[in-house]
Amino acid sequence: MLNLWTFIFLCFLHLSSFNVVLGGVGDSMVSENPFTPKASVIRYWNKEIRREITKTHFLLSKASPLTAVDSASFSKLAAQNDLASHLPSFCSSAKLFCFPDLSPSLEKHPKDERFAVYSNMNFSNYGTDRLAGVDSFKKYSEDSNIVVDSFHRYSRDSTGHKEQFANYASEGNVVDQNFHSYAASATGGSGNFNNYNREVNNPNLRFSSYGDDSNGHGQTFTQYTENANAGNGQSFSSYGKNGDGVPNDFSSYGKGANVIGSGFSGYGEAANGANDSFTSYGFDSNAPQNTFKSYGDGGNAAVNTFSSYRDQSNVGDDSFQSYAKNSNGEKVDFSNYGQSFNEGTDKFTGYGQGAVGQSIGFKIYGRNSTFKDYAKKEGIVFGRYNNGSSSKTAQVKGGSSAVNKWVEPGKFFREKLLKQGTVMPMPDIKDKMPVRSFLPRTIVSKLPFSSSKIGELKRIFHAGDNSTLETVMLDALKECERAPSPGETKRCVGSAEDMIDFATSVLGRNVEVRTTENVKGSKQKIKIGSVKGINGGKVTKSVSCHQSLYPYLLYYCHSVPEVRVYEADILDPKSLEKINHGVAICHLDTSSWSSNHGAFLALGSGPGRIEVCHWIFENDMTWTISDS
């Protein structure tokens, strides 16, 4: 006689072998296996919201694609805390954002190589003991979604060996590269990073023990991370330690980047005759963050030049801590440094402490108030040091349009533009996040979701210590754990059911969810066609949901009071053909916004003085009370 659980399992297999119809008639008719996650979302929507969901509803496209059998199997593994041992199949089946587990490549490659159309590789012991020759990486990992490359002990003990990274990982999304023990004890030769990681999203580039004990092996970083967006940026740790005559040239580094950081820790330590040049570094960038810690400590006769550093950039912070400590004959020249439009901060603490024969020159240096006792030391010269507003100095060069140069045209606009016949720029509303899906509630409810549980999350998703994935998860968790702003109600959701719960808890069950129809019109001029105000154009409140980068599809949802929401046809300004149907939200109360918010940089004015409107970008959404 069959026991009860065997009977239930056989019934489950029987039912999962055919489809049933969920929903009503017409377009709302949805044929779906009743045990799939998508079927669960359909039932939940129809139960909680006063209208049936249609089979073409965009929210359904985000439901988990797991089959009924896989959903049950992975739910059981999650309950047993055993998903980590099945991660590759889980990520693939559930359409998640997971990093590949790289296996080291121990191939010797004794001859010159031209690497193209490569991605996600682990080069271990590559180029070791090479004599002369050139290896080039061109169009490597180009336009890829997740780029994970590891160069471990690359070019170690080589002589006269050159490495060229040209047009490497351009336009990638979530780029993680690790150069560890690269060119250690190398003699001569050079490494050239040209057009490296241009226009990438969320770069995390680590140079650890790079060039240590090398002799004359120079590195050039040209057009490096140009126009990159967010991310950890670049980390140079124990770079050039004990090196001899190692020249490094950072030229056109981070140009036009948005919120990119560079960390130089233990860089050039105990080096002899190091020569580092930072030229056109961080030019025209937004909020660059650079940290120089224990940089050049114990060095001998080093020369460091910061020329046209962070010029024409917007705010940002630089920290020079324990820089050139106990060095001998150190020469550092800051020329045309920090000529930012909006004042950032520079912190010099313990700079040149215990140094002998150092020479420090500040020429055409932006405003700074953190030198304290540093300016009293011998060997330090300030020439044309701007104690006045650095923004005035910069705007003379940049002109009146400088204030909004870091904010994409059309990203923010005034409400009066939302009328038929208006021609205006449309920003790039394309979704830059990796493609992911929600998890079923039966799985996501069993996974930890707390920064205090990051160790367990790293185990589940195979995230290494200090890896990009660890940072991605921590950033999302901290934003979700952040206390709400005044008047804000917020929640992070990893399932469609959780999103429905939050929206209806704020707005009630008579709700609709909207998003912009497609991405046509992005980065070009558009013409506004017919415009409709939601709820008659009255002041209302909404729940806006924005994607957060995380292994599964995660949305940061928050209630937004004092808004007006609009739908508008978007036309081609020349042909007048309708190309899109946009959703825009206008925030009427901006009093709690930061004075440095991009909206005020673009539009002028300040918190609480103007309303600010923006389009709902691809895959973001806003919930409102229904018109019907």
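Residues numbered from 1 in each chain as written. Predicted model: local features only at pLDDT ≥ 70, side-chain atom pairs only at ≥ 80, totals over all residues. Heavy atoms only, no water.

Peer 1: Can you walk me through the overall build of the chain in this structure?
Peer 2: Looking only at helices and strands, the chain features 10 helices and 31 strands. In the chain, which comprises 628 residues, the share counted as buried stands at 51%. Taking all contacts inside the chain whose residues are at least 6 apart in sequence as the whole, residues at least 24 apart take part in 75%. Total accessible area on the chain stands at roughly 26500 Å², and carbon and sulfur atoms take up 50% of it. (Helix = DSSP H or I, 4+ residues; strand = E, 2+ residues; numbered from the N terminus. Buried < 20%, exposed > 50% of the residue type's maximum accessible area, 1.4 Å probe, protein only. Contact = heavy atoms within 4.5 Å. Areas by Shrake-Rupley, 256 points an atom, 1.4 Å probe, with all protein chains shown as cover.)

Peer 1: Whenever I open this one, the side chain of Asn580 confuses me. Can you help?
Peer 2: Note that Asn580 resides in strand E29 (residues 578-587). Polar contacts involving the side chain of Asn580 include one to the main-chain carbonyl oxygen of Asn518, which spans 2.9 Å. Excluding residues that lie within four positions of it along the chain, Asn580 makes contacts with Ile429, Thr516, Glu517, Asn518, Val519, Lys520, Ala568, Asp569 and Ile570. (Polar contact = N/O pair within 3.5 Å; in protein donor to acceptor, adjacent residues only side chain to side chain.)

Peer 1: Can you help me understand the state of the cysteines in this one?
Peer 2: Simply put, disulfide is the name for a covalent bond between the sulfur atoms of two cysteines. Considering all chains together, one arrives at 4 disulfides under this definition. Covalent S-S linkage joins Cys91 and Cys98, the inter-sulfur distance amounting to 1.9 Å. Its S-S torsion of approximately -70° makes the covalent link between Cys91 and Cys98 left-handed. The same class applies to Cys91 and to Cys98, which are both buried. The disulfide that involves Cys545 links it to Cys557, with 2.1 Å between the sulfurs. Judged by the sign of its S-S torsion, about 115°, the cystine formed by Cys545 and Cys557 is right-handed. (Disulfide = S-S within 2.5 Å.)

Peer 1: I would appreciate a short explanation of the packing of helix H2 (residues 37-48) against helix H9 (residues 496-507) in the present structure.
Peer 2: The geometry of a pair of packed helices is captured by two quantities: the angle between their axes and the separation between those axes. Here H2 crosses H9 at 15°, and the two axes come no closer than 9 Å. Considering their axes alone, H2 and H9 lie roughly parallel with respect to each other. As for how H2 packs across H9, the hand of that crossing is right-handed. Mapping the contact onto sequence places Ser40, Val41, Tyr44, Trp45 and Glu48 in H2 and Ala496, Glu497, Ile500, Asp501 and Thr504 in H9. Among the residues forming the contact of H2 with H9, the class breakdown is 5 nonpolar, 2 polar and 3 charged. (Axes fitted to C-alpha atoms, helices over the stretch in contact; angles between N-to-C directions. Parallel < 35°, antiparallel > 145°, perpendicular 65-115°, else oblique. Left-handed = near helix turned anticlockwise from the far one by under 90°. Nonpolar A, V, L, I, M, F, W, Y, C, P; charged D, E, K, R; others polar.)

Peer 1: For this particular structure, what's the right way to read the pattern of salt bridges?
Peer 2: Side chains that differ in sign of charge can pair as their charged atoms come close. For the structure on display, the rule yields 17 salt bridges. Between Asp498 and Arg441 there is a salt bridge, with its nearest N and O atoms 2.8 Å apart. One end of the pair, Asp498, is in helix H9; the other, Arg441, is in helix H6 (residues 441-444), with 57 residues separating them in the sequence. (Salt bridge = Lys/Arg side-chain N within 4 Å of Asp/Glu carboxyl O.)

Peer 1: Help me understand the environment of Gln289 in this model?
Peer 2: Here Gln289 lies in strand E16 (residues 289-293). We classify Gln289 as partly exposed; its relative accessible area is 33%. A C-alpha to C-alpha distance of 8.3 Å links Gln289 and Ser319, two positions 30 residues apart in sequence. Setting aside residues up to four positions removed in sequence, Gln289 forms contacts with Ile260, Gly261, Ser262, Gly316 and Asp317.

Peer 1: Looking at this structure, I do not really get H9. What am I missing?
Peer 2: Given 3.6 residues per turn, any residue in an α-helix points the same way as the ones three and four places further on. The end-to-end C-alpha separation of H9 is 16 Å, in line with the 16 Å expected for 12 residues at 1.5 Å each. H9 sits mainly inside the fold: 10 of its 12 residues count as buried. Of the positions making up H9, those classed as buried are Ala496, Glu497, Asp498, Met499, Ile500, Phe502, Ala503, Thr504, Val506 and Leu507. Backbone geometry just downstream of H9 places Gly508 in the positive-phi region, at approximately 90°. (Expected span 1.5 Å × (residues − 1).)

Peer 1: What is the right way to look at the confidence of the model for the chain in this model?
Peer 2: Low-pLDDT stretches of the model should not have their predicted coordinates read in fine detail. Of all residues in the chain, 84% have pLDDT values of 70 or greater, and the mean over the chain is 80. Segment residues 387-403 is flagged for pLDDT under 50; beyond a separation of four residues in sequence, or across chains, it makes 25 contacts in the model. (pLDDT = per-residue confidence, 0-100.)

Peer 1: How should the pairing of strand E20 (residues 345-349) be read in this particular structure?
Peer 2: Two faces, one strand: in a regular strand the side chains alternate between the faces of the sheet. Here E20 shows one buried face, formed by Asp346 and Phe348, and one open face, formed by Thr345, Lys347 and Thr349. Where strand E18 (residues 317-321) lies against E20, 5 bridges are found, and the strand directions are parallel. Its bridge partner lying in E20, Ser319 is registered against Lys347. (Pairing = 2+ DSSP bridges.)

Peer 1: Could you clarify how one ought to interpret the packing of aromatic side chains in this entry?
Peer 2: We describe a pair of aromatic rings using the distance from one ring centre to the other and the angle between the two ring planes. Under the definition given, this model contains 18 aromatic pairs. With a centroid separation of 4.9 Å and an interplanar angle of 5°, the aromatic rings of Phe193 and Phe221 are classed as stacked. Of this pair, Phe193 sits in strand E9 (residues 190-196) while Phe221 sits in strand E11 (residues 218-224); the two residues are 28 residues apart in sequence, bridging distant segments of the chain. For the pair Phe278 and Phe306, a centre-to-centre distance of 4.7 Å together with 0° between the ring planes defines the contact as stacked. Remark: Phe306 occurs in strand E17 (residues 303-309) and Phe278 occurs in strand E15 (residues 275-281); sequence separation between them is 28 residues. On the accessibility criterion, Phe278 (0% relative accessible area) is buried. Taking the relative accessible area as the measure of exposure, Phe306 reaches 0% and is therefore buried. Here the aromatic residues Phe165, Phe193, Phe221, Phe250, Phe264, Phe278, Phe292 and Phe306 are joined through ring pairs into a cluster of three or more. In this structure, Arg441 is placed above the aromatic ring of Tyr44, and the distance from its NZ or CZ to the ring centre is 5.1 Å. (Phe/Tyr/Trp six-rings, centres within 6.5 Å; stacked < 30°, edge-to-face > 60°. Lys NZ or Arg CZ within 6 Å of the ring centre and 35° of its normal.)

Peer 1: Looking at this model, I keep getting lost on the environment of Tyr239. Mind explaining?
Peer 2: Inspection of the secondary structure puts Tyr239 in the loop between strand E12 (233-237) and strand E13 (247-253). Counting along the chain gives 57 residues from Tyr239 to Tyr182, while the straight-line C-alpha distance between them is 9.3 Å. If we ignore the near neighbours within four places in the chain, the residues touching Tyr239 are Phe207, Tyr210, Asp212, Gln219, Phe221, Asn248, Gly266, Tyr267 and Gly268.

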